[in-house]
Amino acid sequence: MTDNSPSDVLDQYHAVMNELASAEAAAGRSVGAVQLVAVSKTHPASRILPLLKAGHRLFGENRVQEAEAKWPALRSAYSDLELHLIGPLQSNKVREAVALFDVIETLDRPKLAAALAAEMSRSGRRLRCLVQVNTGAEPQKAGVLPEAADAFIEDCRHRWQLPVEGLMCIPPQEADPAPHFAQLADMARRHALPMLSMGMSGDYLRAVAAGATHVRVGTAIFGHRAPVGFGL
Ligand SMILES: *Cc1c(COP(=O)(O)O)cnc(C)c1O
């Protein structure tokens, strides 16, 4: 896989879309049941534009500051694009995030829920939110712990009145992702949440089989990222 020119990006994008369609068919799911969130973090607008020109509209970024530098110009050219925040959100960045993104996938703690609720009512912008669940209970990873998730989801919806639409997870790196996907899908079903964001470049086909409605794919589309300073 080469990953330097914009035409490579487009080829890789089409390959991922084809794989997704096959996985949907193999899982007995309807065509288009799974949305591809193209994760463009660390990549410049010149590599994102080919996808926009090809009609793709759904993207993910993990840092508010980086997204602020790239996306306002792209959005003025493509006003119908949809941008998801997929990285941790600090409470002091909530105002910028609510102004810039369409979906927050990383709602994971009461302080953030309160800050989002306050900013949404102040600004009048109501963003769909996904609760991030730390299904592997990894100490270094963001996300609400599985045993606290039920109560947190209820609080987000009722106490803070946030538009919670789904769940998101990042399984532990070396683990079999299947039980993590199954656990998240089960939790979403119990709470009647329609959106299920799970699966990345290495495991998105398995996430489709497990019921994902959104897969977040970066490397398989855009190629490898510069390693320094841009961890998960
Ligand atoms: C970077 C990132 C992805 C994409 O990862 P790839 O392995 O490059 O596809 C997905 N989800 C989150 C939360 C990320 O930070």
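First, a word on scope: everything that follows refers to the structure included in this document. (Residues numbered from 1 in each chain as written. Predicted model: local features only at pLDDT ≥ 70, side-chain atom pairs only at ≥ 80, totals over all residues. Heavy atoms only, no water.)

**Regarding the packing of aromatic side chains**
Any two aromatic rings considered together are summarised by their centre-to-centre distance and by the angle between their planes.
Then, number 1: Scanning the model with the defined rule gives 1 aromatic pair in all.
Then, number 2: Note on Phe59 and Trp71: the rings are 5.0 Å apart at their centroids and 45° apart in plane angle, and the pair reads as tilted. With Phe59 in strand β2 (residues 58-61) and Trp71 in helix α3 (residues 64-77), the pair connects residues that are 12 residues apart, well separated along the chain. There is no split in this pair, since Phe59 and Trp71 are both buried. (Phe/Tyr/Trp six-rings, centres within 6.5 Å; stacked < 30°, edge-to-face > 60°. Helix = DSSP H or I, 4+ residues; strand = E, 2+ residues; numbered from the N terminus. Buried < 20%, exposed > 50% of the residue type's maximum accessible area, 1.4 Å probe, protein only.)

**Describing the packing of helix α6 (residues 146-159) against helix α7 (residues 178-190)**
Then, number 1: Between α6 and α7, the least distance of the axes is 11 Å, while the angle of their chain directions is 25°. Comparing the axis directions of α6 and α7 gives the class roughly parallel. The element α6 and its partner α7 pack so that their crossing is right-handed. In contact with Pro146, Ala149, Asp150 and Ile153 of α6, α7 contributes Gln183, Met187 and Arg190.
Then, number 2: A class-by-class count of the residues in the contact of α6 with α7 yields 4 nonpolar, 1 polar and 2 charged. (Axes fitted to C-alpha atoms, helices over the stretch in contact; angles between N-to-C directions. Parallel < 35°, antiparallel > 145°, perpendicular 65-115°, else oblique. Left-handed = near helix turned anticlockwise from the far one by under 90°. Contact = heavy atoms within 4.5 Å. Nonpolar A, V, L, I, M, F, W, Y, C, P; charged D, E, K, R; others polar.)

**Looking at the layout of surface pockets**
Then, number 1: Considering only enclosed or pocket space, the second largest pocket measures out at about 210 Å³ in volume.
Then, number 2: Lining the second largest pocket are Tyr13, Met17, Leu20, Ala21, Glu24, Val31, Gly32, Val34, Gln35, Leu36 and His56.
Then, number 3: Listing elements by their share of the lining of the second largest pocket, those giving two or more residues are α1 (6-26) and β1 (35-39).
Then, number 4: No other element matches the 5 residues that α1 contributes to the lining of the second largest pocket.
Then, number 5: Looking at side-chain class alone, the lining of the second largest pocket contains 7 nonpolar, 3 polar and 1 charged residues. (1 Å grid on protein atoms, 1.4 Å probe; cavity = no way out; pocket = protein on both sides within 12 Å on 5 of 7 lines; lining within 4 Å. Points joined across faces, edges and corners; volume = space filled by probe spheres on them.)

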